[in-house]
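Next come the chains, spelled out residue by residue.
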Amino acid sequence: MKFRWADRMSRIGTESAFEVLAQARELEAEGRDIIHLEIGEPDYATPQNIIDAATRAINDGATHYTPASGIPAVREATARYVRKRTGVNTAAENIVVVPGSKNILAFLLLAIVEPGDEVIVPDPGYPIYRSLVSFIGATPVSAPIRQSNDFRLDVEEVRSLVTQRTKLLIVNTPANPTGGILTREDCESIAKLAAERDLVVLSDEIYGRLTYDGEHVSLYGIDGMAERTVLLDGVSKAWAMCGWRLGFGAMPVELARRMDTLMINSSSCAAAFTQLAAVEAFESEESDAAVDAMVGEFRHRRDILVDGLNRIPGISCRRPAGAFYVFPDITATGWDERELQKALLDEVGVAVLAGSTFGPHGAGHIRLSYANSVANLERAVDRIALHLGAGAVSPA
Ligand SMILES: Cc1ncc(COP(=O)(O)O)c(C=O)c1O
């Protein structure tokens, strides 16, 4: 059978993290030792109390379809969690529970964006923003995120990008791939702009629990924003639950109803027992303690990686305030970032991602995840240093 692909398939992108992971696995199958710094997921196990809650739920029969937007008690618990985190008076009817927060982005685009519309996306940014916006026939417009601005969105620059066709602004704090966070002033300026230009905003706060310096400021929580903002969040990153596939959105009720219809037409519902496990993640002290312990360890690893990279001539690495990525500038090494990605994997077995796979403004950078052990981070830094012609740089 020769398939004739729909035009839109030529516009869909991918996540290079999944591609590089596949290449790295092939090399491992040949017996090579690879250090994985391409991964976008915590290397921790899900806290045991959450696993126990899921097991109890399965044993108690939570193996059936649930209402499309989530089990009522889970939507209630999620609303409580959002209220606690953001101060917004969010109710269960504002919440849509989905199998992975990515779905919230897809559903929002399907619900409000027409072909030919423009969507402002962070560049560099999570590649799925750009991919899905193009896929539905709209135009992604790059909002540059620069190291010189501490990887914060430049709100005045965003203002200059808004046109009659702008439907949506996507903001991500803490950010993938840079680890940058927005300050309260940034969030207030974005809120002002959104109100002036009547923009809908998607605030992707999936890394909101993972901040090391400075608190996470929720854009959804800024006065007046809840009526025009979709908060995207989930359990993947904070509780090391990427494989459980459980995310949620908080949004105005009329939008939540549209997303309910989109859920009925796609996944039907998120898995019943992972929904119930999420309540344990949101509400138990043990789960909070697990997040705190993970954040403490990530901070330590971040510092080791940043200090190590900065000892390599030609690499300049900021100390990001959130998420678990660093995004060093490698231009002074003379390497093109895509060639460096390939060479580091093929020649020294370190899997990293070229910054330009996150958007054109990511050129001259690579992304490294520190969701790996201190020993592996030190080994990786030494391998990169040797590859770039410097000696080993980790302290003995
Ligand atoms: C910025 C950002 N948003 C959303 C997601 C999606 O998370 P999930 O679908 O696992 O909830 C990711 C995952 O890597 C991400 O980096």
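Reading the values: rules and limits
Residues numbered from 1 in each chain as written. Predicted model: local features only at pLDDT ≥ 70, side-chain atom pairs only at ≥ 80, totals over all residues. Heavy atoms only, no water. Helix = DSSP H or I, 4+ residues; strand = E, 2+ residues; numbered from the N terminus. Rg over C-alpha atoms; globule rule 2.2 N^0.38 Å. Buried < 20%, exposed > 50% of the residue type's maximum accessible area, 1.4 Å probe, protein only. Areas by Shrake-Rupley, 256 points an atom, 1.4 Å probe, with all protein chains shown as cover. Lys, Arg positive; Asp, Glu negative; His and termini not counted. Charge placed at Lys NZ, Arg CZ, Asp CG, Glu CD. Pairing = 2+ DSSP bridges. Near = heavy atom within 4 Å. Polar contact = N/O pair within 3.5 Å; in protein donor to acceptor, adjacent residues only side chain to side chain. Salt bridge = Lys/Arg side-chain N within 4 Å of Asp/Glu carboxyl O. Contact = heavy atoms within 4.5 Å. Right-handed = clockwise from strand over helix to strand, strands pointing away. Axes fitted to C-alpha atoms, helices over the stretch in contact; angles between N-to-C directions. Domains from an automatic or database assignment. Buried area = accessible area lost by both parts, 1.4 Å probe.

(A) Geometry of the overall build of the chain. Along the chain, the regular secondary structure elements total 12 helices and 12 strands. Relative to a compact globule of 396 residues, whose C-alpha radius of gyration would be 21 Å, the chain shows 21 Å and is just as compact. Overall, the C-alpha framework of the chain stretches about 60 × 55 × 55 Å when taken along its three principal axes. Considering the chain as a whole, with its 396 residues, one finds that 57% of them fall into the buried category. Of the roughly 16,600 Å² that the chain leaves accessible, carbon and sulfur atoms contribute 50%. If the 39 positive side-chain charges of the chain are averaged to one point and the 53 negative ones to another, these points end up 4 Å apart.

(B) Broad picture of the sheet that holds strand 11 (residues 353-354). If you trace the 3 strands from one edge of the open sheet to the other, you get 9-12-11, paired in antiparallel fashion. Only two strands of the sheet have a single partner each, and these edge strands are strand 9 (325-326) and strand 11. As judged from the 2 bridges shared by strand 9 and strand 12 (residues 366-369), these two strands associate in the antiparallel manner. Paired with Val 326 across the strands is Leu 368, a residue of strand 12.

(C) Examining the site of the ligand more closely. Around the ligand there are 13 residues in total, and Ser 101, Asp 204, Tyr 207, Ser 236 and Lys 237 lie nearest to it. At a separation of 2.7 Å, an oxygen atom of the ligand approaches a polar side-chain atom of Ser 101. In the complex, the protein chains occlude 94% of the 400 Å² of accessible area that the ligand would expose alone.

(D) Spotlight on the side chain of Lys 237. Relative to the elements of secondary structure, Lys 237 occurs in the loop between strand 7 (229-234) and strand 8 (247-250). Of the side chains with opposite charge, Glu 15 comes closest to the buried, unpaired Lys 237, at an N-O distance of 6.7 Å. Among all residues touching Lys 237, those that are not within four sequence positions of it are Gly 40, Pro 42, Ile 206, Tyr 207, Leu 210, Cys 242, Met 294, Phe 324 and Tyr 325.

(E) Focus on the pairing of strand 4 (residues 139-144). Of all 6 residues in strand 4, 5 are buried; the element is thus mostly enclosed. Crossover connection from strand 3 (residues 118-123) via helix 5 (residues 127-135) to parallel strand 4: handedness right-handed.

(F) Main features of the sheet that holds strand 6 (residues 200-204). Judged by pairing direction, the sheet is mixed, and its 7 strands sit side by side in the order 2-8-7-6-5-3-4 without closing on themselves. Single-partner strands in this sheet number two, and they are strand 2 (95-98) and strand 4. Averaged over all neighbouring strand pairs, the angle between strand axes comes to 20°, with direction disregarded. Across 4 bridges, the pairing between strand 7 and strand 8 is antiparallel. Note on strand 8: the bridge partner recorded for Gly 234 is Gly 247.

(G) Looking closely at the pattern of salt bridges. Scanning the entire structure with this criterion turns up 24 salt bridges. A salt bridge links Arg 318 to Asp 150, with the nearest nitrogen and oxygen atoms 2.9 Å apart. Taken together, the positions of Arg 318 in the loop between helix 10 (285-310) and strand 9 and Asp 150 in the loop between strand 4 and helix 6 (155-161) put the pair 168 residues apart, joining distant regions of the chain. With relative accessibility at 31%, the residue Arg 318 sits in the partly exposed group. The exposure class of Asp 150 is partly exposed, given its relative accessible area of 43%. The closest approach of N and O atoms between Glu 196 and Arg 159, which form a salt bridge, is 2.5 Å. Pair noted here: Glu 196 is in helix 7 (residues 184-197) and Arg 159 is in helix 6, with a separation of 37 residues, a long-range link. The partly exposed category is assigned to Glu 196, whose relative accessible area is 45%. Taken together, the salt bridges that share partners define one network made up of Asp 213, Arg 302, Asp 303, Asp 307 and Arg 319.

(H) Structural context of the environment of Glu 185. Tracing the backbone shows Glu 185 in helix 7. You can call Glu 185 exposed: its relative accessible area is 53%. For the pair Glu 185 and Gly 359, spaced 174 residues apart in the sequence, the C-alpha separation amounts to 26 Å.

(I) Region of interest: the domain arrangement of the chain. With domains assigned, the chain is organised as domain 1 (7-45 + 287-387) and domain 2 (63-283). Opposite the 43 residues of domain 1 that make contact, domain 2 presents 41 residues. In this assembly, domain 1 packs against domain 2 so that about 3,500 Å² is buried in total across both faces, 56% of it on carbon and sulfur atoms. For domain 1, the biggest contributors to the area lost against domain 2 are Arg 318, Phe 358 and His 361; these three give 18% of the whole. The interface formed by domain 1 and domain 2 includes 4 salt bridges. The interface formed by domain 1 and domain 2 holds 23 residue pairs in polar contact (both at pLDDT 80 or more) in total.

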